[in-house]
Amino acid sequence: RVSVEFRRECELLGGFSLLTQATLAIICIGVLLFKRARERPREQRFAIKSGGAVYFLDAEEIDWIEAANNSVRFHAGGKRHLMRATIRSVEEQLDEQAFARIHRSTIVRLDRIRKLVPQEHGDYLVVLRDGTELRMSRRRREELRARLPC
């Protein structure tokens, strides 16, 4: 697939000097590699070490995630699982269509949200299906509201 795309992109290079063609070819390769990296599938499972064993948590099971120092705590089906990672690194692995950051320390699975309740100073309370209440910052409000079906 890359070679077909590469050939198509580089067909336009015919009228340039050999050095220019080589430079543009390198740029084409870089662009194609960047596109391919962005198309990579997101993480569907997380390996969590606990008590000498490794447990696997499917992304579909996760209700919400909170930052806990240099770890993250997954909340799934009433259970909590601690994993050594930053919230940013976990966020990068999640499907951005299924999860949203609602606060600097909180990520929520969109289909778990029951309602949004306005609070003082423009903040919102995010209430999940299981009754869990999470604070959403003003900064994240419009982004989340745009992603939820109304």
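Everything below is about the structure printed above this text.
Criteria and cut-off values
- One numbering rule holds for all chains: residues counted from 1, following each sequence as written.
- Where local features are concerned, this predicted model is filtered to residues with pLDDT of at least 70; where side-chain atom pairs are given and counted, the filter is 80 or more; whole-chain, interface and lining totals use all residues.
- In computing side-chain values, all of the structure's heavy atoms are included and hydrogens and water are not.
- Take the buried residues of types Ala, Val, Leu, Ile, Met, Phe, Trp, Tyr and Cys, join any two whose side-chain atoms come within 4.5 Å, and each joined set is a nonpolar core.
- Here the term buried applies to any residue with accessible area under 20% of the maximum for its type, exposed to any over 50%, and partly exposed to those in between, with areas from a 1.4 Å probe on protein chains only.
- Only runs of H or I of at least four residues qualify as helices and only runs of E of at least two qualify as strands under DSSP, and these elements are numbered from the N terminus.
- We call two residues in contact when some of their heavy atoms are within 4.5 Å.
- One bridge is not enough; two strands pair if DSSP finds at least two bridges between them.
- Angles run from 0 to 180 degrees between N-to-C directions of axes, and those axes are lines fitted to C-alpha atoms, restricted for helices to the stretch in contact.
- What makes a salt bridge here is a side-chain nitrogen of Lys or Arg within 4 Å of a carboxyl oxygen of Asp or Glu, nothing more.

> I tried to follow the nonpolar core on my own but got confused; where do I start?
Nonpolar side chains in soluble globular proteins generally cluster together in the buried interior. With 17 residues, the main nonpolar core has Ile65, Phe74, Met83 and Val90 as its most contacted residues. Contributing elements (two or more residues each) for this core: β1 (45-50), β4 (71-76) and α3 (87-93). By residue number, the principal contributor to this core is β4, which donates 3 residues. The residues contacting Phe74, other than those within four sequence positions of it, are Phe46, Ile48, Leu57, Ile62, Trp64, Ile65, Lys79, Arg80, His81, Met83 and Val90. Core analysis: the second largest hydrophobic core is formed by 13 residues, Trp64, Ile102, Met136 and Leu144 among them.

> Where do I start with the sheet that holds strand β6 (residues 99-103) in this structure?
The strands making up a sheet associate through backbone hydrogen bonding, with each pair oriented either parallel or antiparallel. If you trace the 5 strands from one edge of the open sheet to the other, you get β5-β4-β3-β7-β6, paired in antiparallel fashion. Both outer strands of the open sheet, β5 (79-83) and β6, are each paired with one neighbouring strand and no more. Shown here is a sheet whose adjacent strand axes are inclined to one another by a mean of 25 degrees, direction ignored. Where strand β3 (residues 64-68) meets β4, 5 bridges bridge the pair, whose relative direction is antiparallel. Opposite Trp64, over in β4, you have His75 as the bridge partner.

> When you look at the sheet that holds strand β10 (residues 133-136) in this model, what are you seeing that I'm missing?
As summarised here, the arrangement of the 3 strands in space is β8-β9-β10, forming an open sheet in which the pairing is antiparallel. In this open sheet, the two strands that pair with only one neighbour each are β8 (113-118) and β10. The mean angle between the axes of side-by-side strands here comes to 25 degrees, regardless of whether they run parallel or antiparallel. Here strand β9 (residues 124-128) runs beside β10; their pairing, made up of 4 bridges, is antiparallel. Looking across to β10, one finds that Val127 is bridged to Glu133. The sheet contacts of helix α4 (residues 138-147) involve β8, β9 and β10, and relative to β10 the element is tilted by about 105 degrees.

> Just checking my understanding: could you explain the pattern of salt bridges for this structure?
Where charged atoms from two side chains of opposite charge approach closely, those side chains can pair. Across all of its chains, the model carries 8 salt bridges by this definition. Two residues, Arg109 and Asp111, come together in a salt bridge whose shortest N-O distance is 3.1 Å. Of the residues examined, Arg109 reaches a relative accessible area of 11% and is grouped as buried. The exposure class of Asp111 is partly exposed, given its relative accessible area of 36%. Where Glu142 meets Arg141, a salt bridge forms, and the shortest distance between an N and an O atom there is 3.4 Å. Residue classification places Glu142 among the partly exposed residues on the basis of a relative accessible area of 48%.

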